[in-house]
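Descriptive structure summary
The residues making up each chain are set out below.
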Amino acid sequence: MVWELAATFAHSRLFPAASAVALTMIQEAVSGSLLSNLAITLARVAAAFTVAMVLGTALGFAMGIWRRVDLALDSWVTVLLNLPALVLIVLMYVWFGLNEWAAIAAVALNKLPSTAVMVREGTRALDRNLVEMAQSFRLGRVKTFRHVTLPQLAPYLFAAARSGLAIIWKIVLVVELLGRSNGVGFQIEAYFQLFDVTHILAYTLAFIFVVQAIEWVFLQPLERRVSRWRR
Amino acid sequence: MAPIILDVDVRRKVFRSRAGPEHVVLADMRFSLAEREIVALVGPSGCGKTTLLRLIGRLDHDFEGRITWHGQEAPRIGTVFQEPRLLPWRTVRENLLLVTPPDCVETVDELLRALGLWPHRDSYPTQISLGMARRASIARAFAIRPDIVLLDEPFVSLDPSMAERGRQVLLDAWQRRPTTGLLVTHDLLDAAALADRVLMLAGSPTRIVSEVVIPPANRRAGTEAAHAFAQELRLLRPVEPVLFPDVSAASSDRR
């Protein structure tokens, strides 16, 4: 409402009304351009997210358990953590070419260290008493990991997933803008050339809806399920 | 006499702190357990009782000596830890089911009923009292149909009436699932109420200073008898330092 009123008064091509943006969104959706670009971007987000979460979790877990691994990799993680996203993207494109793998690797590498750091903290906070209990009842490695370790890491994994999703989709747009010829990032770049703020907002909002939907449909129910034992 | 199923011979157990000197916790700890015998190890807090249980429970392999099991290849060991150590994200029943083989579901339910946990079987450990959680941890140790149950101060930090109730629960479990038991405690009452035989620990490093076989008539003969026998054990204790001069300081500290 506020947006609509403000836009009416501003009456500028650079600040379109909410209704105009909504209309554009529908038009783009009907033409198929919005949906296909959204799907491409989403696929890249999913790929980078999976790689970053799986590798980051494994790395963080190893660092949390073995002091040697931690000592060997700690400074590398810090370097990676502080390397600007843009530098990583450019380096990946330069070294591996302007292809899909380089794009996904660049995004995943941006997220991986922070996942590793969070999971490392979670691993260090594991309750040794419970691990010992599992050992004394001979639960075995797989069952111990599944039922004793993983539930204790769950809050850390959720934190990593939440912040990960947010960071990854932002970086995916940059990657698309710099070196891909499709996806939401590419579209935004194209409309930026044309100073078409209506289209830029339409694409951005569409993606925000998607991310919000992931949160509601996937993350929140899952989190409720795994934390239902908490008082 | 039932056949011996466990020989414990711990010659030396040393704790090494990273910077400090070596500290010998246990020395010349030698005893045996007969099948279905319940033995109580009584000693002051911090004397290494938990350490000894960890050695027997195969959680710690770093010691000089031997612990020999005469039963089947790998004994099933049910441990009742000092704290209940239930998984907070599993209900009471799920906690028991996790550690038991699939063919033990009936045992689990039977124990839950016998130990008064049936109404709370679907509660999470955060929703029940400490006394109840301890009971669940006792049920868990018995649910795996163990060859031996190791109990580490199972009633510490419960008030006397709850501890009394806990002992009763333990006796019920034992009656249902007779098994060998090794109980570690600082409370003579626990020992008098539950055991067939009591080993007194003292000294530094900790050794066995005396052994009392509870007369069959006094074994698990109810609260009154337990209190009376605990009193006898108490009177018996100060005599020992005469036989073992090096422990006199330690045992007078305890009074």
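Everything numeric here is computed off the predicted structure, so don't read it as measured data. (Residues numbered from 1 in each chain as written. Chains lettered and ligands numbered in written order. Predicted model: local features only at pLDDT ≥ 70, side-chain atom pairs only at ≥ 80, totals over all residues. Heavy atoms only, no water.)

**Some words on helix α2 (residues 18–31) of chain A**
All names here are of chain A. Along its 14 residues, α2 runs 20 Å from first to last C-alpha, staying within 8% of the 20 Å computed at 1.5 Å per residue. Of the positions making up α2, those classed as buried are Val21, Thr24, Met25 and Glu28. On an axial view of α2, the arc spanned by its buried residues comes to 105°, and they lie on one face. Residues of α2 that are exposed and angled more than 90 degrees away from the buried face: Leu23, Ile26 and Val30. (Helix = DSSP H or I, 4+ residues; strand = E, 2+ residues; numbered from the N terminus. Expected span 1.5 Å × (residues − 1). Buried < 20%, exposed > 50% of the residue type's maximum accessible area, 1.4 Å probe, protein only. Arc of directions from axis to C-beta.)

**Structural notes on the sheet that holds strand β3 (residues 38–42) of chain B**
Residue and element names in this part refer to chain B. Ordered by their spatial adjacency, 6 strands build an open sheet running β5-β6-β7-β3-β8-β9, and the pairing between neighbours is mixed. Of all strands in the sheet, those with a lone pairing partner are β5 (77–80) and β9 (207–213), marking the two edges. Direction aside, the axes of adjacent strands within the sheet are offset by 15° on average. Relative to β9, strand β8 (residues 197–202) runs antiparallel, the two sharing 6 bridges. Looking at the pairing, Met200 lines up with Ser210 of β9. (Pairing = 2+ DSSP bridges. Axes fitted to C-alpha atoms, helices over the stretch in contact; angles between N-to-C directions.)

**Comments concerning the side chain of Thr79 of chain B**
Among the structural elements, Thr79 of chain B can be located in strand β5. For Thr79 of chain B, a relative accessible area of 9% gives the class buried.

**Observations regarding the nonpolar core**
Ranked by size, the top nonpolar core spans 49 residues in total, and within it Leu115, Ile138, Phe142, Leu170, Val198 and Leu233 of chain B carry the most contacts. Tallying contributions element by element places helix α4 (residues 130–143) of chain B first for this core, with 8 residues. Setting aside residues no more than four positions away along its own chain, Leu233 of chain B makes contact with Leu188, Ala192, Val198, Met200 and Val212 of chain B. Membership of the second largest hydrophobic core comes to 32 residues, among which are Leu34, Met92, Ala206 and Val210 of chain A. (Core = buried A, V, L, I, M, F, W, Y, C linked by side-chain atoms within 4.5 Å. Contact = heavy atoms within 4.5 Å.)

**As for the interface of chain B and chain A**
Taken residue by residue, the interface counts 24 residues in chain B and 17 residues in chain A. For the chain B and chain A pair, buried surface summed over both sides reaches about 2000 Å², with 61% attributable to carbon and sulfur atoms. Considering only the side of chain B, the residues that lose the most area to chain A are Arg85, Trp89 and Leu98 of chain B, jointly responsible for 32% of the buried surface there. At the junction of chain B with chain A, the criterion picks out 2 salt bridges. For the pair chain B and chain A, the interface holds 8 residue pairs in polar contact (both at pLDDT 80 or more). Those elements giving two or more residues to the side of chain B that touches chain A turn out to be β5, α2 (92–99) and α4 of chain B. A breakdown of the residues in the side of chain B that touches chain A according to their chemical character gives 14 nonpolar, 4 polar and 6 charged. (Buried area = accessible area lost by both parts, 1.4 Å probe. Salt bridge = Lys/Arg side-chain N within 4 Å of Asp/Glu carboxyl O. Polar contact = N/O pair within 3.5 Å; in protein donor to acceptor, adjacent residues only side chain to side chain. Nonpolar A, V, L, I, M, F, W, Y, C, P; charged D, E, K, R; others polar.)

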